[in-house]
Amino acid sequence: MWLNNILETIGDTPLIKLNKITKHLPCTVLAKVEYFNPGNSIKDRMALKMLEVAEQEGKIKPGGTIIEGTSGNTGMGLALAACVKGYKCIFTTTDKQSKEKADILKAVGAEVIVCPTNVEPEDPRSYYSVSKRLATEVPNSWYVNQYDNLANRLAHYEQTGPEIWEQTEGKVTHLVVATGTGGTIVGTGKYLKEKNPKIKVWAIDSYGSLLKKYFDTGELDHKEVYPYISEGFGEDFVPENYDMSVIDAFTKVTDKEGAIMARRIAKEEGMFCGYSAGSCLQGLLQLKDQLKKDDVVVLIFHDHGSRYEGKVYNDQWMMERGFLEVKTFKDLISGRGTQKLVTITSSQTVMEAINLMKKYDIENIPVIDNDNNVGSISESGLFNKILNNAEIKNDTIASVMEKNYPEVAFNTPVERLSSFINKENGAVLSKDDTGSYHIVTKYDIIQSLAK
C-alpha cells in the first residue's frame, strides 16, 4: 500500500492518554497529538482545506503565489501543499517567532519576510499589513488570511471533531484548546456540541491577548494587549473564525507557566510538543476544580517541540527570562561570604602547598601568577608524587603543578559544571564582577545536587 503524495498523510492523528502530570486529577485526560501530521502541526489540516476551497472558487490559478502572515505552522502546511500542487509561497512572520520556524519554511521553498511584533495590526510594518500589501502587488497571488478565512474552522468541523468523537467513542466531555485564529476551537467544538450539547469547550489564552476579555465582556479592549512570549495562540484582535457561543470558558496562562509545562510534558509524558501544548495543559490544571470522575478531557497539542529548540527547550533562553530556576556557579559560592580564595604561586614550594591544605582542610589549590590561572595543585596529585620522591617537598610548585582548572562564566548552571569535573580535574574557576577568582569543587556540586 502506498499514498499518492504527502498531503494524504494529513489527519487521523493519535489520541494519547496522559498518565503522570494529570495523575492527581479525577478524570481521564487525553492529548490529540497533532505533530503526527506531515508538517508537524495541526495547521496542515486547515492549510490544505483553505487552498482546496480557494482552487474551487478560482481564487488561485496554476503557478500562482500563496501569500500569508503566519507564526510558522500554517506556513508549513501551505508550503507542503504548494510543493505538491506547484505553487510559490511568500510568508510574513513576526520577530518573536522562533528561528527554527522561519528556517523550516525556507527549507521547503518559501520566501520568508520577518516583521516587528510590537506594532498594531493596522501598522504598515505589521506582518498582517505586509502580507495584505504583497497580495495586491504580486501577480496571480492569493492572500490566504487564515484569521478570517472560514475554511479554517471548516477543516476542523470536517476532520478534527469527527476524529475525536470516534476515538473517544462519543465519551468526550471536555475539549481544551490554546486558541489563536479560532479555527480549531470553533470548528472542532461546533461538531462535538452538535453530537452532544453537554460537552464543554474551554479556551486557553495568553496574558497580553485580548480574547478572554472580549469573551467575558464583548469589549475589544486594546489596553489588554501587550507583548508576550508565548507562541501560536492569543491575538490582539478577534478573527472572524470566532463564534464565541461555541466556547464555555476562557482562562489565561502566563508565558513562564506554559514554557515550564511544555518541558514537563516532554520529560514526564515522552511527548516532545510545542509551547502551546504546555499552556493548554497548564490551563486545564487551572480549571481542575470543575472536573469530575467520569469526565473524558481532550487537549489539543498543536505542534512539535523541534520548532522551539532555541527557546523553550534551551536552558539559557529559559534562564534569561527567569523561567528556569536553576543553581549556578554563583549560587554555589554565595554562602561563603567574604572568604578569599586560597591560591598559590608557581614560585612557592610544595611544602607551602601542603601546609595550606592542612590549614584550610582543602584538596584543590589553583596556581595563580599575576592574576593568571596557570596551573593547579591537588591533594591526590601531590600524594602520588611524594610517595615516589619525598624530597620534592622543597621543590617549586612550577615543577609539580597539574594543568590549570577550567574557567567558566559566573552564571554557568550546576548541571553544566559537572561536565568539567573528571578524574584528572577536581574543580572549576570563575571570576566575579570585581575580577576576583572563586572555586567550585566536585564536592560542592555533589552537595548541591543532593539537596
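Notes on the structure in this doc start here. A quick note: this is a predicted structure, and the numbers were derived from the prediction, not measured.

Conventions used here
- Residues numbered from 1 in each chain as written.
- Predicted model: local features only at pLDDT ≥ 70, side-chain atom pairs only at ≥ 80, totals over all residues.
- Heavy atoms only, no water.
- Axes fitted to C-alpha atoms, helices over the stretch in contact; angles between N-to-C directions.
- Helix = DSSP H or I, 4+ residues; strand = E, 2+ residues; numbered from the N terminus.
- Parallel < 35°, antiparallel > 145°, perpendicular 65-115°, else oblique.
- Left-handed = near helix turned anticlockwise from the far one by under 90°.
- Contact = heavy atoms within 4.5 Å.
- Nonpolar A, V, L, I, M, F, W, Y, C, P; charged D, E, K, R; others polar.
- Phe/Tyr/Trp six-rings, centres within 6.5 Å; stacked < 30°, edge-to-face > 60°.
- Buried < 20%, exposed > 50% of the residue type's maximum accessible area, 1.4 Å probe, protein only.
- Pairing = 2+ DSSP bridges.
- Lys, Arg positive; Asp, Glu negative; His and termini not counted.
- Salt bridge = Lys/Arg side-chain N within 4 Å of Asp/Glu carboxyl O.
- Polar contact = N/O pair within 3.5 Å; in protein donor to acceptor, adjacent residues only side chain to side chain.
- Core = buried A, V, L, I, M, F, W, Y, C linked by side-chain atoms within 4.5 Å.

Concerning the packing of helix α1 (residues 43–56) against helix α5 (residues 151–167)
One can describe the packing of α1 onto α5 by two numbers: an axis separation of 8 Å at closest approach and a directional angle of 130°. Compared by their axis directions, α1 and α5 come out oblique. At the point where α1 passes α5, the crossing takes the right-handed sense. Here Arg-45, Met-46, Lys-49, Met-50 and Val-53 of α1 lie close against α5, whose contacting residues are Ala-151, Asn-152, Leu-154, Ala-155, His-156, Glu-158, Gln-159, Thr-160 and Glu-163. Broken down by class, the residue content of the contact of α1 with α5 amounts to 6 nonpolar, 4 polar and 4 charged.

Some remarks on the environment of Asp-216
Inspection of the secondary structure puts Asp-216 in helix α7 (residues 211–217). Spatially, the C-alpha atom of Asp-216 lies 8.7 Å from that of Ala-249, the residues being 33 residues apart in sequence.

Observations concerning the packing of aromatic side chains
Following the criterion strictly, the structure yields 10 aromatic pairs and no others. For the pair Phe-272 and Tyr-313, a centre-to-centre distance of 4.6 Å together with 55° between the ring planes defines the contact as tilted. Taken together, the positions of Phe-272 in the loop between α8 (255–269) and α9 (275–286) and Tyr-313 in the loop between β10 (296–301) and α10 (315–320) put the pair 41 residues apart, joining distant regions of the chain. Taking the centre distance of 6.0 Å and the plane angle of 75° together, the rings of Trp-317 and Phe-323 count as edge-to-face. Take Trp-317 and Phe-323: they sit in the same class, and that class is buried. Here the aromatic cluster, defined as three or more aromatic residues joined through ring pairs, consists of Tyr-127, Tyr-128, Tyr-147 and Phe-237.

Here we look at the sheet that holds strand β6 (residues 141–143)
Ordered in space as β5-β4-β3-β6, the 4 strands form an open sheet in which the pairing is parallel. Only two strands of the sheet have a single partner each, and these edge strands are β5 (111–115) and β6. Pairs of neighbouring strands in the sheet enclose a mean axial angle of 20°, with direction left out of account. Here strand β3 (residues 65–69) pairs with strand β4 (residues 88–94) via 5 bridges, running parallel. When the bridges of β4 are listed, Ile-67 appears paired with Ile-90.

What to know about the side chain of Glu-68
The topology assignment puts Glu-68 in strand β3. Buried within the structure, Glu-68 lacks any salt-bridge partner; Lys-43 is the closest side chain of opposite charge, at an N-O distance of 8.5 Å. One polar contact links the side chain of Glu-68 to the main-chain amide nitrogen of Asn-145, over a distance of 2.9 Å. If we skip the residues at most four places from it in the chain, Glu-68 touches Leu-78, Ile-90, Phe-91, Thr-92, Ser-131, Tyr-143, Val-144, Asn-145 and Gln-146.

Considering the pattern of salt bridges
Under the definition given, this model contains 23 salt bridges. In this structure, Lys-59 engages Glu-57 in a salt bridge whose closest nitrogen and oxygen atoms are separated by 3.1 Å. Across the pair Asp-103 and Lys-99 runs a salt bridge, and its minimum N-O distance is 2.6 Å. Here Asp-103 pairs with Lys-99, and both are found in helix α3 (residues 99–107), just 4 residues apart, close to one helical turn. Each of the salt bridges in this network shares a partner with another, and the network as a whole consists of Lys-32, Glu-34, Arg-45 and Glu-163.

Regarding the pairing of strand β12 (residues 372–378)
Taking burial as the measure, the 7 residues of β12 include 5 buried ones, the bulk of the element. Here 6 bridges tie strand β11 (residues 364–369) to β12, and the two strands are oriented antiparallel to one another. The partner of Ile-365 across the bridge, within β12, is Ile-377. Hairpin connection of β11 to β12: 2 residues between the antiparallel strands, including Asn-370 at a positive phi of 50°.

Quick notes on the nonpolar core
The biggest cluster of nonpolar side chains holds 29 residues, and the ones touching the most others in it are Ile-265, Met-271, Leu-284, Leu-299 and Phe-301. Those elements that place two or more of their residues in this core are β2 (28–33), β7 (174–178), β8 (200–206), β9 (249–253), α8, α9 and β10. Residue contacts for Met-271: discarding those within four places in its chain leaves Ile-16, Lys-17, Leu-18, Ala-31, Val-33, Tyr-35, Ile-265, Ala-266 and Phe-301. With 28 residues, the next largest nonpolar core counts Val-53, Ala-79, Tyr-87 and Ala-155 among its residues.

Observations concerning α3
Listed in full, the buried residues belonging to α3 are Glu-100, Lys-101, Ala-102 and Leu-105. Where α3 terminates, the next one or two residues include Gly-109, which has phi positive at roughly 95°.

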